[in-house]
Amino acid sequence: METPGFLEPFKGRWTKRHLLDLESLTSDEITLLLDVAQAFKESTNDCRKKLSILTGRTSVNLFFEDSTRTRTSFSLAARRLGADVIEFSASSSSLSKGETLLDTAKTIQSMCIDTLVCRHKAPGTPQMLAENLDCAVINAGDGPHEHPTQGLLDILTIRQHRGDLAGKTVAMVGDIAHSRTARSNIWGLQKLGAHVIVCGPSTLVSRRWEEYGVEVSHDLDAILERCDVLNLLRIQFERQYTRPFPSVREYALLYAMDRKRMEKAKPDILIMAPGPINRGVEITPEVADGEHSVILHQVNNGLAVRMAAMWLLNEGRAPE
Amino acid sequence: MLRTLIQNGRVIDPSQNVDRVTNLLIEEGRIAGIDVVTDGVDKVIDASGKLVVPGLIDLHVQIREPGFEEDETIESAACAALAGGFTSIAAISETNPPVDSAAAVTYLGRQASEADHCNVFPVACVSSGRQGEEMAEIGILNNAGAIAFSDGQRPVSNPELLRRALEYTLMFGRPVLNRPEMVELSRDGVMHDGTVSTVLGLAPMPAEAEDVMAARDIRICEATGGRLHLLAISCSGTVEILRRAKERGVGVSASICAYQFALTDEAMRGFDTNLKLNPPLRSRDHIDACIEALKDGTIDVIASGHAPRSSEKKMCAITEAPFGMVGLETALGLVSTHLVRPGHVDWPTVIGAMSTNAAKVLGIEKGTLQLGVDADVTIIDPERTWTVDKADFRSLSNNSPFVGTKLTGRAVETIVGGITKFRYDQG
C-alpha cells in the first residue's frame with residue numbers, strides 16, 4: 001500500500017501493538033499520535049476526504065456499553081481510511097446466550113480482523129482481550145479507567161487553540177472518580193508538561209491524586225483565575241448507590257460553569273466538555289454555546305485522532 | 001503391629017515446644033513417641049534436611065459440592081489438600097443447597113469418607129439457608145457432626161443474629177467463624193481502596209469495611225462470652241482492635257489467608273481476574289501490620305481461603321468475575337517463600353499457625369505429635385524449589401494467579417492416620 005506523502009515522515013515510528021491507555025505511553029508517542037492526527041486534518045480537508053490506505057483491512061467495533069459519538073467516530077475513521085467496518089453490540093451478540101467475553105472476541109477475530117475497538121464497563125477488559133488476541137486492540141473506554149482517544153482529542157484541541165501544552169494549567173471539573181476521560185487526560189497532559197488540577201466535590205475527587213503530582217481542589221472559584229483550560233466532565237448519575245452530593249441544584253451552585261464564573265476566568269479561557277453534556281448541571285447553555293467553547297472542535301478532532309490511531313497501529317507501525 | 005520410623009527430621013511440634021532433629025515413631029496409625037531409637041520397624045522414612053510436623057490443618061476451605069461440582073467436589077478438595085500438606089480441612093459451605101441441615105452435614109461426611117483422602121470437618125451454616133436472618137438448627141447440626149458454624153463468605157450482617165448465635169453455640173462449645181465485612185462499604189468492590197484503585201478506576205473495598213465490622217463482632221463476642229473466630233482478616237485496623245481485645249481476654253481468634261503475604265494491590269494493574277479476591281490484596285502497610293500480628297500471636301491461624309472457580313467463570317470482565325483463588329496446593333509454598341525465607345517468621349510460628357492453633361480454634365484433637373494421637377504428619381522440604389503448574393493441580397479448578405511462579409518449600413509427604421496419602425516425587 002502506497003503511503004501518502006503527508007504520512008511519510010511518520011511511518012515506522014510507532015512500535016506498540018495496541019492503544020490501551022495513555023498512562024503507559026511516552027511523551028514522544030503521545031506527540032506522534034497528535035502530529036499524525038493534525039496531519040490528517042490538514043491534508044484531507046478536516047478528514048472529509050476518503051483515503052484508501054487501509055483498504056483490505058477490517059475493523060470491528062465491539063461495544064458492550066451504549067455509545068453514540070465514540071462508536072460513530074471510530075466507524076467513520078475506519079471508513080475514511082478505506083477499511084471495512086463491522087459493528088457488534090452486546091445485545092445482539094451471543095454473549096446474551098452465555099458465551100464468555102473472550103470466546104466472543106476470539107470468534108470475531110477468526111474472521112480476519114485487524115483492529116478491534118472495544119468499549120466495556122469493566123476496567124481492564126481491552127487489556128485482557130489484547131493479551132489473548134492477535135489483532136490490534138483500541139480501548140474505546142473501559143469503565144472509569146481510561147479512554148485514550150478521548151484524552152488525545154482533548155489534548156489536540158488544546159494544542160490547536162493554545163499551542164504547546166508545557167506550562168499550561170488545565171482543570172478537569174466534576175466526577176473524577178468515575179471518569180475515564182479524566183484519567184486519560186491526566187496522564188497525557190502531565191506527560192506533555194501541563195499542570196493538571198482536578199476539581200469537584202470531595203466525594204468524587206480523591207486527595208490521592210496528589211501522590212501523582214495532580215493538584216486537588218474542591219473549590220472551583222478558588223482555582224478559576226489560574227486556569228487556561230476547563231474540561232467540564234459529565235456527572236454520572238447511574239453508577240452510585242448513595243449519591244455523592246445532596247442534589248443537582250447544590251452541585252450546579254458549586255461547580256457549574258456559568259456566566260458569572262466566566263467573568264472571573266482568564267479572558268482567553270478554553271471551555272471543553274467530553275459530552276454528552278448535561279446542560280444546566282455542569283455547564284449552562286450560554287457557556288456551552290459561547291465563544292470560549294470548543295466542544296464541537298473536540299468532536300471533529302475525535303475523527304482525526306481515531307484515524308491516526310488506526311493508521312499507526314496498522315500500516316504506520318514499525319515492522320516487527 | 002505396623003511401625004513406621006521417620007528418621008533424622010527436624011521435628012517441630014508447637015503443642016509441646018519441640019524443635020529438634022530427631023526421630024518420630026508411628027505405631028498402628030498413632031504417634032508412638034519422639035526421640036525413639038529402635039530397630040524392628042516395618043518402614044523407615046528418611047527425613048534428613050526436612051521438617052516433620054503435625055499434619056497441617058486448613059481452617060478455611062470453601063466447599064462447592066453439592067451445587068457447584070464443576071468447581072470442586074469434596075473428593076477433589078480433599079485430594080488437593082493432601083498435595084498441599086494438609087491432613088485436615090474445615091469444609092465451609094459455599095454450596096447449593098447450603099449446609100444447614102443434618103442431611104447436608106451427613107452427606108459431606110460421607111463423601112469425605114468415601115474419598116478417603118484427608119480428614120474433612122464439616123462447618124455448618126450459622127443461619128438458616130445462609131440467609132443471615134434466622135439461626136440454623138445449630139443443636140441438630142452439632143449432633144450431625146458439625147464442628148463449627150459459619151456463613152462462609154457471607155458475613156453475618158444482622159448484629160442480633162450474631163449475638164444469638166454466639167450465645168447459643170456456647171451450649172455446644174462450638175465456635176462461630178465469621179468473615180468481617182460491612183458490605184455497605186464495599187459493595188461492587190473489586191480491589192483494595194488505595195492509590196492503585198484510584199488510578200485503575202476499579203471500585204474500592206476499603207479497609208474500614210473490614211475493621212469496622214471486626215470491631216462490632218468483637219464487642220458482641222465480648223458481651224456474650226462466646227467463641228468467635230474472625231475469618232480472613234487483612235487490615236492493620238482489624239489487627240489493632242483484635243490485639244486490644246485479646247489483651248482484655250475476649251474469646252476471639254483470627255485467621256489470615258496465605259495469599260495475603262505474597263502480593264500487594266499493585267498486582268491489580270494487570271487486571272487478572274484470578275487476583276479478584278475477598279479480602280482483596282492489600283497495600284504494604286496492611287501486610288506489614290499482619291506480619292507483626294502473626295509474630296506476636298494476635299493472628300492465630302494462616303489458612304488457604306481455598307476458593308475454586310471453574311475457568312469459564314473467571315474468563316470475563318473483572319467486575320463480573322467471582323472472587324477467590326484456589327489455595328490448598330500453594331498456601332504452604334507461599335508462606336515458606338514470603339514469610340519464612342525473608343526472615344519474617346520462623347517455622348515453629350508457621351506450624352503453630354497452620355496446624356496447632358487451627359486445631360485449637362476448631363476444638364479438634366489434631367495439630368500435635370503427642371503420644372497416642374492420630375498419626376497425622378506432614379513432611380516438608382523447606383528448600384525445595386518448584387514451579388506452580390496448572391497440570392499438577394489436583395483441584396478441579398486452576399484459578400490461581402501463581403501459575404508459572406516459582407516457590408521454595410513444599411510438602412513432600414502427607415501422612416494421615418499413619419498412612420502415606422501423598423508423596424511428592426518430582427524434581
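Described in the following lines is the structure provided in the data block. Along each chain, residue indices are assigned from 1 in the same order as the chain's sequence is written. For naming, the first written chain is A and the first written ligand is 1, with later ones following in the order written. Given that this is a predicted model, residues contribute local features only at a pLDDT of at least 70 and side-chain atom pairs are listed and counted only at 80 or more, while totals for whole chains, interfaces and linings are drawn from all residues. Excluding hydrogens and water, the side-chain figures rest on all heavy atoms present in the structure.

1. Remarks on the interface of chain B and chain A
Turning to step 1, where the next piece is worked out: Contact with chain B, which involves 22 residues of that partner, is made by 25 residues of chain A.
Turning to step 2, where the next piece is worked out: Buried surface at the junction of chain B and chain A, summed over both partners, amounts to about 1,800 Å²; 57% is from carbon and sulfur atoms.
Turning to step 3, where the next piece is worked out: Looking at the side of chain B facing chain A, the largest losses of area belong to Thr198(B), Val199(B) and Met315(B), adding up to 30% of the total buried there.
Turning to step 4, where the next piece is worked out: Counted as salt bridges are all cases of a side-chain nitrogen of Lys or Arg within 4 Å of a carboxyl oxygen of Asp or Glu. The closest approach of N and O atoms between Glu23(A) and Arg269(B), which form a salt bridge, is 3.2 Å. Only heavy atoms enter the contact rule, under which two residues are in contact if any of them lie within 4.5 Å. Once two parts are brought into contact, the accessible area they lose, counted with a 1.4 Å probe and summed over both, makes up the buried area.

2. Re the pattern of salt bridges
Turning to step 1, where the next piece is worked out: In the structure shown here, the tally under the stated rule is 44 salt bridges over all chains.
Turning to step 2, where the next piece is worked out: The partner of Arg162(A) in a salt bridge is Asp268(A), with the nearest N and O atoms 3.9 Å apart. Here Arg162(A) is found in helix α5 (residues 148-162), whereas its partner Asp268(A) is found in the loop between α9 (259-264) and β9 (270-272), with 106 residues between them in sequence.
Turning to step 3, where the next piece is worked out: In this scheme, a residue with accessible area under 20% of its type's maximum is buried, one over 50% is exposed, and one in between is partly exposed, where area comes from a 1.4 Å probe on protein chains only. Owing to a relative accessible area of 40%, Asp268(A) belongs among the partly exposed residues under this scheme.
Turning to step 4, where the next piece is worked out: Each of the salt bridges in this network shares a partner with another, and the network as a whole consists of Arg30(B), Lys366(B), Asp374(B) and Asp376(B). Segments assigned H or I by DSSP are reported as helices when at least four residues long, segments assigned E as strands when at least two residues long, and all are numbered from the N terminus.

3. Things to note about the sheet that holds strand β3 (residues 115-120) of chain A
Residues and elements named next belong to chain A.
Turning to step 1, where the next piece is worked out: Paired strands, in this sense, are two strands between which DSSP finds at least two bridges. Spatially, the 4 strands line up as an open sheet ordered β2-β1-β3-β4, and their pairing is parallel. Of all strands in the sheet, those with a lone pairing partner are β2 (84-89) and β4 (136-142), marking the two edges. Going from strand to strand, the sheet's axes swing by 15° on average, the running direction of each strand aside.
Turning to step 2, where the next piece is worked out: Looking at chain direction, strand β1 (residues 58-63) and β3 are connected through 5 bridges and run parallel. Bridge assignment links Leu62 to a residue of β3, and that residue is Cys118.
Turning to step 3, where the next piece is worked out: Fitting a line to C-alpha atoms yields each axis, with helices limited to the stretch in contact; the angle taken between N-to-C directions then spans 0 to 180 degrees. Where helix α3 (residues 101-109) meets the sheet, it contacts β1, β2 and β3, and its direction lies at approximately 160° from that of β1.

4. A short note on the nonpolar core
Turning to step 1, where the next piece is worked out: One finds Phe40(A), Ile6(B) and Ile302(B) to be the most contacted residues of the largest nonpolar core, which totals 201 residues.
Turning to step 2, where the next piece is worked out: Residue contributions to this core peak at 10 residues, all from helix α11 (residues 295-313) of chain A.
Turning to step 3, where the next piece is worked out: The residues contacting Phe40(A), other than those within four sequence positions of it, are Phe6(A), Leu7(A), Cys47(A), Leu51(A), Ile53(A), Leu81(A), Ala304(A), Met307(A), Ala308(A) and Trp311(A).
Turning to step 4, where the next piece is worked out: In this description, a nonpolar core means a group of buried Ala, Val, Leu, Ile, Met, Phe, Trp, Tyr and Cys residues linked to one another through side-chain atoms lying within 4.5 Å. Of all hydrophobic cores here, the second largest spans 26 residues; its members include Leu220(A), Phe245(A), Met257(A) and Met262(A).

5. A closer look at the packing of aromatic side chains
All names here are of chain A.
Turning to step 1, where the next piece is worked out: Note on aromatic pairs: the rings of Phe, Tyr and Trp (six-membered ring only in Trp) are paired at centre separations within 6.5 Å, and the planes decide the class, stacked below 30 degrees, edge-to-face beyond 60, tilted for the rest. Within the structure shown, the criterion is met by 7 aromatic pairs over all chains.
Turning to step 2, where the next piece is worked out: Between Phe245 and Tyr251, the aromatic rings sit 5.1 Å apart at their centres with planes inclined by 40°, giving tilted as the arrangement.
Turning to step 3, where the next piece is worked out: You can call Phe245 buried: its relative accessible area is 8%.
Turning to step 4, where the next piece is worked out: Taken together through their ring pairs, the aromatic side chains of Trp187, Trp209 and Tyr212 make up a single cluster.

6. A few points about unusual backbone geometry
Residue and element names in this part refer to chain B.
Turning to step 1, where the next piece is worked out: At the junction of Glu65 and Pro66, the peptide bond is cis and its omega measures out at 5° in the coordinates.
Turning to step 2, where the next piece is worked out: Following the sequence through the fold, Pro66 ends up in the loop between β6 (56-63) and α1 (74-83).
Turning to step 3, where the next piece is worked out: Of note, the amide linkage connecting Asn96 to Pro97 takes the cis form, showing an omega dihedral of 0°.
Turning to step 4, where the next piece is worked out: One non-glycine residue, Ala232, lies in positive phi territory at about 55°.

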